[in-house]
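Examining the three-dimensional arrangement
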Amino acid sequence: MSDARPTVLRYRAEAPGAEGPVTLGQDNVLRCLRNEQPSRERNEPSSLNKQATWIIPDGADQDRCLAALRTLAERHAALRTVFPGAADGRLPTTQRQLQEGEFTVQVIALDPDEDATARAEAFGWDERCHPFDLTAEFPLRLGLLTRDGRPALLAVVVSHAQLDGVATGLLFKEWMALTAGAALPSAAGPTPIEVAGQERSASGQRRGRAALRHWERILAEEPSAVFADDRVRSGENLLHTLGIRTPAGAAALERAVRRTGSSKSAVLTACYAALAAHRAARTTVVMAALSANRHRAVLAEHIGTLAQDALLVLDTDCPDLDTLIGRTQAQALSGYWHATFETERLWQILDDSSLGRGARFVRDVVLNDVSGTVPEEIAALRPDPAADPDLSWYPTEPLPTRLMINIWRTSGCLEISLHAHPDVLDREETEHFARALLRLIDLAGRRNVTLGPDGELAALSHLPVGRREKGRWQQVGGNWVDLDALADRLRTVLDVKDVEVTWQNEELTAVVGQGCTLAPAEAHTAVVDALSWRDTLMAPQRYVLPNGTGTGRD
């Protein structure tokens, strides 16, 4: 087993200490972190805090590596940010920017035959199983792996409360320059406290109100869940993870961009949405896109966390893929513009929407495009895969979604990873999805692809299509609901035996027999409260109860 020796580094920045309100992104992550319970005992890592492995340029010795880390801490306020109000699980409202402090680097001497990459991965997984102390801890946990006294790799675990994926990529870029002996220009992006000030300005508040209206409309009108069929039953949140690396895929993507005149992101997102819609047996895909606020130029170089979702509605009911790519580009612009909001107000809108509509929004499909964070000259240092495409399985992870794509790199070698819930795609089907995605990108670079019921997706994807045959499925607005499953849920929630659920007069109606003492409004509130964020069920739109009849929405 490799030997670890802690090394404490002190830093002192030129900028004075400061205190201010948390940013909207910080507030969002801090709220989400309260719902996590990572555990070393259960070997369950945080799904929000992330890990990375940073390469080290030839010639960089240990002293230069440690000096580079100290320089990063002194350059960037986010690395010196703590949340004094986070003690005892409380939600902090202020952030504190320290001027000086210290952090620890674990210097890990590798055994002669020990695999450095595997050791870095193990370090990251283990450290993610233990929550950060947000009141005082440095937001990076660092393991400097050495072989025969020379640095080999740097394992990094990132606190998402202070840093998002793009910020981590920007730090990596600076790390590479510093460890290569280069000087850095002055930091360009605003500090977290400056971002908080921008968000509270008149223009920032107008943008926030517009974003909330965007979300409110989608939550009221579009499908609450993308995947609702006979297979989608489990409440588990463990997703299997498949990594894909392919130089041929990168070349095909370049061809598709040239042929369609669209961005790489639009082509990838459209192909991903088309396959997700095919698997779901529906035409509308509501997709959460992460890293959304990085599309605003003023925040492109910000070192901090801007972790708020953009919400995209992609209508795949179109004749061909070129049309869908065009729609995707337009929808992405709208979604990214409306991705800055007060999380508490959004959560209230989510709750109000759930009560009014009778269905909770399920974050079924997620896109995370961080391909622009690592310069190509650095990404190119990684050797090409031995096989093309190279598909590699990683450990399952708890994630609050059913299907997610991470786009890591698009030039030279296309590098993506897929997370899939077994109810949606098993391991074999996940590989089919990955290969179908690559085939679709390749075709998009050569010609247009026919979509629709008589289109080409079924033949090229070999994917299962959502079937609704084992229950009494009914389409209610944009949602599919199994009436038998809903009746079972009502028997449990209302503690009665006699329940009949039907579709009458364009309404989802529940007739409840004796034993229920609740009025319609009380029954409706109880049913909605029992719906989890993973539910595909809807509450009835009309209740016929011993104590009255009504919608329960009054």
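Check the entry above for the structure.
The paragraphs below set out a description of the structure included in this document.

Rules behind the numbers
Residues numbered from 1 in each chain as written. Predicted model: local features only at pLDDT ≥ 70, side-chain atom pairs only at ≥ 80, totals over all residues. Heavy atoms only, no water. Helix = DSSP H or I, 4+ residues; strand = E, 2+ residues; numbered from the N terminus. Expected span 1.5 Å × (residues − 1). Buried < 20%, exposed > 50% of the residue type's maximum accessible area, 1.4 Å probe, protein only. Contact = heavy atoms within 4.5 Å. Polar contact = N/O pair within 3.5 Å; in protein donor to acceptor, adjacent residues only side chain to side chain. Pairing = 2+ DSSP bridges. Axes fitted to C-alpha atoms, helices over the stretch in contact; angles between N-to-C directions. Core = buried A, V, L, I, M, F, W, Y, C linked by side-chain atoms within 4.5 Å. Parallel < 35°, antiparallel > 145°, perpendicular 65-115°, else oblique. Left-handed = near helix turned anticlockwise from the far one by under 90°. Nonpolar A, V, L, I, M, F, W, Y, C, P; charged D, E, K, R; others polar. Phe/Tyr/Trp six-rings, centres within 6.5 Å; stacked < 30°, edge-to-face > 60°. Lys NZ or Arg CZ within 6 Å of the ring centre and 35° of its normal.

Moving on, we come to helix α4 (residues 165-179). When the terminal C-alpha atoms of α4 are compared, their 21 Å separation across 15 residues agrees well with the 21 Å that a helix rising 1.5 Å per residue should span. Three or more residues of α4 are buried, namely Val166, Ala167, Thr168, Gly169, Leu170, Leu171, Phe172, Glu174, Trp175, Met176, Leu178 and Thr179. Tucked into the core, α4 has its buried residues touching β3 (50-55), α2 (62-75), β8 (150-158) and α11 (376-379). Its side-chain oxygen at 3.3 Å from the backbone nitrogen of Val166, Asp164 defines the N-terminal cap of α4. Phi for Gly181, located one or two positions after α4, is positive at around 90°.

Moving on, we get to the sheet that holds strand β11 (residues 310-315). If you trace the seven strands from one edge of the open sheet to the other, you get β11-β10-β12-β14-β15-β9-β13, paired in mixed fashion. Each end of this open sheet is capped by a strand with a single partner; those strands are β11 and β13 (390-398). Each strand of the sheet is rotated relative to its neighbour by a mean of 20°, with strand direction disregarded. Sitting on the sheet, helix α7 (residues 247-260) is in contact with β9 (238-246) and β15 (414-420), with an inclination near 75° to β9. Lying over the sheet, helix α9 (residues 321-337) contacts β10 (284-289), β11 and β12 (365-369), oriented at roughly 155° with respect to β11.

Looking now at the nonpolar core. Membership of the largest hydrophobic core comes to 61 residues, with the highest contact counts inside it found for Leu321 and Leu440. In terms of residue count, helix α8 (residues 264-280) provides more of this core than any other element does, twelve residues in total. Apart from residues lying up to four places away in sequence, Leu440 is in contact with Cys271, Ala274, Leu275, Leu321, Val449, Leu457 and Leu460. Core analysis: the next-biggest nonpolar cluster, separate from the first, contains 34 residues, Ile56, Leu144, Leu154 and Leu178 among them.

In this section: the packing of α2 against α4. Interaxial distance between α2 and α4 falls to 9 Å at its minimum, and their mutual angle equals 135°. Considered as vectors, α2 and α4 are oriented oblique to each other. The handedness of the crossing between α2 and α4 comes out as right-handed. Residues Arg64, Cys65, Ala68, Leu69, Thr71, Leu72 and Arg75 of α2 pack against Leu171, Glu174, Trp175, Leu178 and Thr179 of α4. Its residues placed into classes, the contact of α2 with α4 shows seven nonpolar, two polar and three charged.

The next subject is the packing of aromatic side chains. This structure, assessed with the given rule, holds seven aromatic pairs. Ring geometry for Trp215 and Phe341: centres 5.5 Å apart, planes at 65°, overall edge-to-face. Remark: Phe341 occurs in the loop between α9 and α10 (343-357) and Trp215 occurs in helix α6 (residues 202-221); sequence separation between them is 126 residues. Of the two residues examined, Trp215 and Phe341, each falls in the buried class. Pairing Tyr272 with Phe433 gives two aromatic rings, centres 6.2 Å apart and planes at 80°, and the pair type is edge-to-face. One end of the pair, Tyr272, is in helix α8; the other, Phe433, is in helix α12 (residues 427-444), and 161 residues separate them in sequence. On the basis of relative accessible area, Phe433 is assigned to the buried category, the value being 0%. Cluster of aromatic residues (ring-pair linked, three or more members): Tyr11, Phe103 and Phe138. Here the basic side chain of Arg31 rests over the ring of Trp347, its NZ or CZ set 5.8 Å away from the ring centre.

By themselves, these observations are geometric and do not establish any function.
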